Amino acid sequence: METLKQLLMYGIDAGIQLLTQPFYYISILFVMLFYRRQVLVERKLFHVKLHSWGLQTWRTFLGGLAAGIGVSIVVAFLGISLSLEAIICIWVTSLILMLFHIRYLCFAYSIGVLGIIQFVLGWFPNWQPEGWIHQVTATILSLDIPALLALSAVLHFAEALLVRIQGSGFATPLFLEGKRGKLVGGYHMQSFWPLPLFLLVPAVGGGGVLPWTPFFGGDAWSTGFTMMALPVVIGFGEMTQSMLPQEKAGITSKRLIFYGAIVLALSLLAEWWSPLTIAAALAALLLHEGLVWYSRYEEQQRSPMFVHPVRGLRVLAVLPDSPASELGILAGETILKVNGKLIHSKEQLHSALRQNPAFCKLEVQNHQGESKFLQRAIYAGDHHQLGAIVAPDPRDGIAVGLKPVSLITLLANKLHIRSKRGASGSKTSGGSEEAGFPSS
C-alpha cells in the first residue's frame, strides 16, 4: 500500500513535469497539422470533407493517453535508465530524421540510430571532445540502448492495438495511378498518436524502494526509484489499392506484433550479453524497413480492388451521415442499378437519379457477390451521388502522386495534385500531391 502511495505521488510529479516539457505539445501540434493536411487533400479531390481534423486529433489524443498509461505499467517491470538530457537527445534525433520523412518519427529509428552512434563512439575511447559536443557524446554513451529498444518493442505492441482499433478510421480515399498508368482507387492510412509515458527510473539520491526488481538496471535499483515523464509519438502508415482499410489494418497490426516480439527478444538478449546491442539496434532499423518494403511489394503483386467491374460502379468511399451511409452502402460494394437502370458511368448514375428526384431504388452487389435492394426518399441538399464516392475512371483526370513527406513539407502545408490526360487527350495544370509511405 505504501508503494502504491509513492507511485501515485511520483506520478503526479511526473505529470507536472510532462506539462513543462515542450515535446508533448510539439507532438500534438504535429498531429493537428497532419490531419488538417489530410482534410485539404480530401477537399481538393472530392470537394467534400470526409473527416474532421479536430475530431481526429481528439481521437488520437485519447488513444495515445490510454496507450501511454498501459505502456507505462508494462515498462515498470522492465526498468529503464533515463535523464532529461537523454530525452532531449532522443527527441532531437527524431526531429532530424523527420526532416527526411515523417515516418521516421518512430522510436525504433531514433533509438536504432543512437545505438549505432554509441557503438561507433566505442571505437574511440580516447577521444575527448570539448564543449557541447562532449556533453552530447557523454549523453549518447550513457544511454541504456537495450532498455530503450525494449521500450520501443512495447510501444509497437501498443501501436498494433491502436491500429487494430482505430487504424481504418483514419483512412483517406485517393485516386492513384496504377501499375500500367490506369487510374485506380485506393486508401492512404496514416495516423500518429502522442503518448505520455511515466517511467520508473533508478534514483540517484535515494527514493522509494520497489517490491520487485526490474529486468534492466541491475543493482542501480537498490538505491530506490523515482519517476520521469517521457513524451513519445508512435504512428503507422499504409497505402492500399487491393484491400479494404479494415483488412489492411488487421494485417498491419499482426505484423507490428511480430516485429515488436523480435525486437523485445533481441533487447533482452543484449542486456544479458552486451555485444548483441549493435545487432539489436540494426535489427530494429532493418526489420522496420523490411515491413515497409514488404507492404509495398504485396500491394504491387495484388490486383486493385477499387476499379469498376464490367457491370456497375465500384464504391470507393461513403460520406458519413449521407444517404448512402444511411442505406448501408459500404466501400468495396458495387452499385448495379439505379431506379431499374443498369449503370456503367457517373453520367448514367446522375441521369438515373434524376429520373425520380424524390425517390430512388438501388440494386447493390455486396462483398460476397450477392445483390441487396435498397430504397430511400431523396431530399433537397442531399449529395448528388447520395454520398457515394465511386472509383475513378480515365476521364476524372486527377491523381495523387506518392512522394515522401518531410517535416518541412508538412509545415509548408503545400498541396500539389497531379492532373492526368483524360479521354480527350487534353491536360490540365497541376503538380503532384506528396503522401507518406508506410511507417510505424
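Reading guide: rules and limits
Residues numbered from 1 in each chain as written. Predicted model: local features only at pLDDT ≥ 70, side-chain atom pairs only at ≥ 80, totals over all residues. Heavy atoms only, no water. Helix = DSSP H or I, 4+ residues; strand = E, 2+ residues; numbered from the N terminus. Buried < 20%, exposed > 50% of the residue type's maximum accessible area, 1.4 Å probe, protein only. Contact = heavy atoms within 4.5 Å. Areas by Shrake-Rupley, 256 points an atom, 1.4 Å probe, with all protein chains shown as cover. Pairing = 2+ DSSP bridges. Axes fitted to C-alpha atoms, helices over the stretch in contact; angles between N-to-C directions. Parallel < 35°, antiparallel > 145°, perpendicular 65-115°, else oblique. Left-handed = near helix turned anticlockwise from the far one by under 90°. Nonpolar A, V, L, I, M, F, W, Y, C, P; charged D, E, K, R; others polar. Salt bridge = Lys/Arg side-chain N within 4 Å of Asp/Glu carboxyl O. Patch = residues over 30% accessible without salt bridge, like charges linked within 9 Å, V, L, I, M, F, W, Y side chains within 5 Å. Phe/Tyr/Trp six-rings, centres within 6.5 Å; stacked < 30°, edge-to-face > 60°. Lys NZ or Arg CZ within 6 Å of the ring centre and 35° of its normal. Core = buried A, V, L, I, M, F, W, Y, C linked by side-chain atoms within 4.5 Å. Domains from an automatic or database assignment.

The subject of this paragraph is the overall build of the protein. Within the protein, the secondary structure is distributed over twelve helices and eleven strands. With 440 residues in all, the protein has 52% of them scored as buried. Here the contacts in the protein between residues at least 6 apart in sequence split such that 74% fall between residues at least 24 apart. Carbon and sulfur atoms make up 63% of the accessible area of the protein, which totals about 20,200 Å².

What follows concerns the pairing of strand E1 (residues 171-177). Among the seven residues in E1, six count as buried, and that is most of the element. Relative to strand E2 (residues 183-202), E1 is paired through seven bridges, and the arrangement is antiparallel. Residue Pro173 lies in a different strand from E2, and its bridge partner there is Tyr187.

Moving on to the packing of helix H8 (residues 245-272) against helix H9 (residues 277-301). Each packed pair of helices is defined by two parameters, the angle between the axes and the distance between the axes. Closest axis-to-axis distance for the H8/H9 pair is 9 Å, and the angle between their directions is 165°. Considering the angle they form, H8 stands roughly antiparallel to H9. As H8 packs across H9, the resulting crossing turns out to be right-handed. Contacts between H8 and H9 involve Lys248, Arg255, Leu256, Tyr259, Ile262, Val263, Leu266, Ser267 and Ala270 from the first element and Thr277, Ala280, Ala283, Ala284, Leu287, His288, Leu291, Tyr294, Ser295, Glu298 and Glu299 from the second. Grouping the constituent residues of the contact of H8 with H9 by class yields twelve nonpolar, four polar and four charged.

The next thing to look at is the pattern of salt bridges. This model, assessed by the stated rule, comprises six salt bridges. Among the salt bridges present, the one from Glu298 reaches Lys248, with a minimum N-O distance of 3.6 Å. One end of the pair, Glu298, is in helix H9; the other, Lys248, is in helix H8, and 50 residues separate them in sequence. Each member of the pair, Glu298 as well as Lys248, is classed as buried. As a salt-bridge pair, Lys372 and Glu333 come within 3.0 Å of each other at their nearest N and O atoms. Of this pair, Lys372 sits in strand E8 (residues 371-377) while Glu333 sits in the loop between helix H10 (323-327) and strand E5 (334-338), and the two are 39 residues apart along the sequence. Residue class for Lys372 comes out partly exposed when judged on its relative accessible area of 22%.

Here we take up the side chain of Thr172. Within the secondary structure, Thr172 is located in strand E1. On the basis of relative accessible area, Thr172 is assigned to the buried category, the value being 3%.

Attention now moves to a nonpolar patch on the surface. On the surface, a cluster of nonpolar side chains totalling about 860 Å² of accessible area is made up of Phe119, Val120, Trp123, Phe124, Trp127, Trp132, Ile133 and Val136. A per-element tally of the nonpolar patch places helix H6 (residues 132-142) first, with three residues.

On to the pairing of E2, then. Most of E2 sits out of view: 19 of its 20 residues are buried. As judged from the 16 bridges shared by E2 and strand E3 (residues 225-240), these two strands associate in the antiparallel manner. Note that in E3 the partner of Phe192 across the bridge is Gly235.

Enumeration over the complete set of coordinates arrives at 18 aromatic pairs. With a centroid separation of 5.3 Å and an interplanar angle of 80°, the aromatic rings of Tyr10 and Phe225 are classed as edge-to-face. In this pair, Tyr10 sits in helix H1 (residues 2-20) while Phe225 sits in strand E3, placing the two residues 215 residues apart along the sequence. For Phe225, a relative accessible area of 0% corresponds to the buried category. By way of ring pairs, the aromatic residues Phe30, Phe34, Tyr35, Phe170, Phe192, Trp193 and Phe236 are connected into one cluster. Over the aromatic face of Phe170 sits the side chain of Arg59, whose NZ or CZ is 4.6 Å from the ring centroid.

We now examine the nonpolar core. Counting residues in hydrophobic clusters, the biggest one holds 86 residues, and the most contacted among them are Val71, Leu82, Leu151, Leu155, Leu195, Leu197 and Leu230. When residues of this core are assigned to their parent elements, the largest contribution, 13 residues, is made by helix H7 (residues 145-166). Shared between two domains, this core holds at least three residues of each, these being domain 1 (1-301) and domain 2 (313-390). Once residues within four sequence positions are removed from consideration, Leu151 is found in contact with Val71, Val75, Ile80, Phe107, Leu197, Leu199 and Leu230. Core analysis: the next-biggest nonpolar cluster, separate from the first, contains 19 residues, Leu327, Ala352, Leu362 and Val390 among them.

No statement about biological role is implied by the geometric values presented.
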